Amino acid sequence: VPFFPFPKLIVAVEHDEIPRLKALYERGLQNNVPGLKLIGAKEIQEKEPFCRGLMALDSPYTGIVDYKQVAQSYARDFQEAGGTILTDFEVTNMEMAKESSPESEDGKAGFIFFLPFIFYKDFGEEISCGHILTCAGLHSDRLSEISGCSPEPRIVPFRGDYLVLKPEKSYLVKGNIYPVPNPRFPFLGVHFTPRMDGSVWLGPNAVLACKREGYKLLDFSPRDFLDAVTYSGLWKLVLRNVSYGLGELHRAFSLSAQVRQLQKFIPEVTTNDVLRGPSGVRAQALDSQGNLVDDFVFDGGAGAVGSRILHVRNAPSPAATSSLAIAAAIADEAQRRFQL
């Protein structure tokens with residue numbers, strides 16, 4: 001899988017961000033991240049001539065990759081190892097099989113997934129297996145509930161809209177420029193990201209999506225919307241962060257408001273330098289107290305069914321960057337729970 005080396009600067013533009021930046025530096029040292037160092041305003045401009053900041057964490061060995069190609073490579077490895085990938089199969093139920101399936105060589109009871117055909121909503125195809133491991137992202141809570149697990153943490157979808165720097169302005173950004181993470185809001189924050197195709201993405205913001213696959217501003221699902229707005233955890237989060245939420249909503253509709261956020265890092269960027277870009281949806285796990293869950297959540301329920309199921313209800317960000325390490329952690333958990 002091809003990749004490009006692109007250094008990263010995590011830039012503090014406010015004085016209250018400096019302690020968090022230093023803490024991030026210490027954490028990086030503890031995890032043996034190579035080449036990390038803290039640099040001042042002058043060194044920031046030496047590395048990123050158009051960037052302004054008080055202090056930055058310099059990570060010189062960061063790189064970029066096309067994650068679609070990474071995912072396709074994972075899929076090929078899985079298939080070559082004997083796995084089968086089925087698409088367009090929505091799981092609607094799972095239960096213990098009453099009799100051994102033809103695929104079961106040891107005679108033990110297996111699970112059956114009921115997967116509706118495209119043309120027959122009331123009938124389903126059955127898939128038998130010995131254990132179930134789910135990583136369902138935007139639908140992880142619903143899939144867990146199907147198997148009898150707790151409905152919490154709930155998934156609340158947040159859409160992130162990106163801007164794209166016009167090609168003739170790409171000289172403004174040489175590498176990755178990130179903000180200092182705010183622990184109160186485990187979203188990405190506005191940042192400058194060079195892509196494998198030579199483009200530079202700017203953003204994203206974070207606003208409530210009215211559909212779990214709501215990649216467009218006006219995408220709407222009555223079920224998804226009602227699930228979100230009737231959840232007490234969401235209202236507790238909103239009431240604690242009214243000004244922040246209103247600001248994000250304003251930036252979703254106002255190009256100039258988004259650009260003003262970017263100008264904290266690169267003042268030369270103007271609304272004439274950017275175009276509307278793609279959007280993504282974050283599967284944000286939220287508990288009933290309105291806390292954004294930012295660590296692993298594993299669930300399996302209880303009883304005969306629960307002992308054979310492992311649900312990954314939440315995986316910490318950055319999940320794509322850390323996918324191999326996260327996979328190892330999930331495999332260890334599955335091995336422990338299933339006693340494999």
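Computed from a prediction, not measured in an experiment: that's the story for all the values here.

Caption draft 1: Structural detail: the overall build of the chain. A count of helices and strands for the chain gives 10 helices and 17 strands. Radius of gyration (C-alpha) of the chain: 22 Å, near the 20 Å computed for a compact globule of 340 residues. Expressed as lengths along the three principal axes of its C-alpha atoms, the size of the chain is roughly 70 × 40 × 35 Å. In the chain, which comprises 340 residues, the share counted as buried stands at 39%. Counting only carbon and sulfur atoms, one obtains 56% of the accessible surface of the chain, whose full area is about 19,200 Å². In the chain, which carries 36 positive and 40 negative side-chain charges, the distance between the mean positions of the two groups comes to 7 Å.

Caption draft 2: The arrangement of the packing of aromatic side chains in detail. Considering all chains together, one arrives at five aromatic pairs under this definition. On the basis of an interplanar angle of 65 degrees and a centroid distance of 5.6 Å, the ring pair of Phe50 and Tyr171 is categorised as edge-to-face. Taken together, the residues Phe50 in the loop between helix H2 (41-47) and strand E4 (55-59) and Tyr171 in the loop between strand E10 (154-165) and strand E11 (176-179) connect sequence positions 121 residues apart. Exposure remark for Phe50: the relative accessible area of 24% places this residue in the partly exposed category. On the basis of an interplanar angle of 50 degrees and a centroid distance of 5.1 Å, the ring pair of Tyr162 and Trp201 is categorised as tilted. Of this pair, Tyr162 sits in strand E10 while Trp201 sits in strand E13 (residues 200-203), and the two are 39 residues apart along the sequence.

Caption draft 3: Molecular detail of the domain arrangement of the chain. Domains assigned within the chain are domain 1 (3-67 + 154-286) and domain 2 (116-153 + 293-339). Each partner contributes to the interface: domain 1 provides 18 residues, whereas domain 2 provides 16 residues. Buried area between domain 1 and domain 2, summed over both chains or domains, comes out near 1,400 Å², and the portion from carbon and sulfur atoms is 50%. At the surface where domain 1 touches domain 2, the tally comes to three salt bridges. Linking Asp224 and Arg142 is a salt bridge whose minimum nitrogen-to-oxygen distance equals 2.7 Å.

Caption draft 4: Just helix H7 (residues 242-253), in detail. Here H7 contains 12 residues, and its C-alpha end-to-end distance of 17 Å stays within 8% of the 16 Å for a straight helix at 1.5 Å per residue. For H7, every residue scored as buried is listed here: Gly247, Glu248, Arg251 and Ala252. The buried residues of H7 occupy one face: seen down the axis, they fall within an arc of 145 degrees. Facing away from the buried side of H7, by more than 90 degrees, are the exposed residues Ser243, Leu246 and Phe253. Those residues of H7 hidden inside the fold are in contact with E10, strand E14 (207-208), helix H8 (255-262) and strand E15 (274-286).

Caption draft 5: Representation of the pattern of salt bridges. If you walk through the whole model with that rule in mind, you get 11 salt bridges. Measuring nitrogen to oxygen at the nearest pair gives 3.8 Å for the salt bridge that ties Lys169 to Asp273. In this pair, Lys169 sits in the loop between E10 and E11 while Asp273 sits in the loop between H8 and E15, placing the two residues 104 residues apart along the sequence. In this structure, the salt-bridge partner of Asp299 is Arg313, at a minimum N-O distance of 2.9 Å. With Asp299 in strand E16 (residues 297-299) and Arg313 in strand E17 (residues 309-314), this pair connects stretches of sequence that are 14 residues apart. This pair shows no difference in class: Asp299 is buried, exactly as Arg313 is. Taken together, the shared-partner salt bridges connect Arg142, Asp224 and Asp227 into one network.

Parameters at a glance
Residues numbered from 1 in each chain as written. Predicted model: local features only at pLDDT ≥ 70, side-chain atom pairs only at ≥ 80, totals over all residues. Heavy atoms only, no water. Helix = DSSP H or I, 4+ residues; strand = E, 2+ residues; numbered from the N terminus. Rg over C-alpha atoms; globule rule 2.2 N^0.38 Å. Buried < 20%, exposed > 50% of the residue type's maximum accessible area, 1.4 Å probe, protein only. Areas by Shrake-Rupley, 256 points an atom, 1.4 Å probe, with all protein chains shown as cover. Lys, Arg positive; Asp, Glu negative; His and termini not counted. Charge placed at Lys NZ, Arg CZ, Asp CG, Glu CD. Phe/Tyr/Trp six-rings, centres within 6.5 Å; stacked < 30°, edge-to-face > 60°. Domains from an automatic or database assignment. Contact = heavy atoms within 4.5 Å. Buried area = accessible area lost by both parts, 1.4 Å probe. Salt bridge = Lys/Arg side-chain N within 4 Å of Asp/Glu carboxyl O. Expected span 1.5 Å × (residues − 1). Arc of directions from axis to C-beta.

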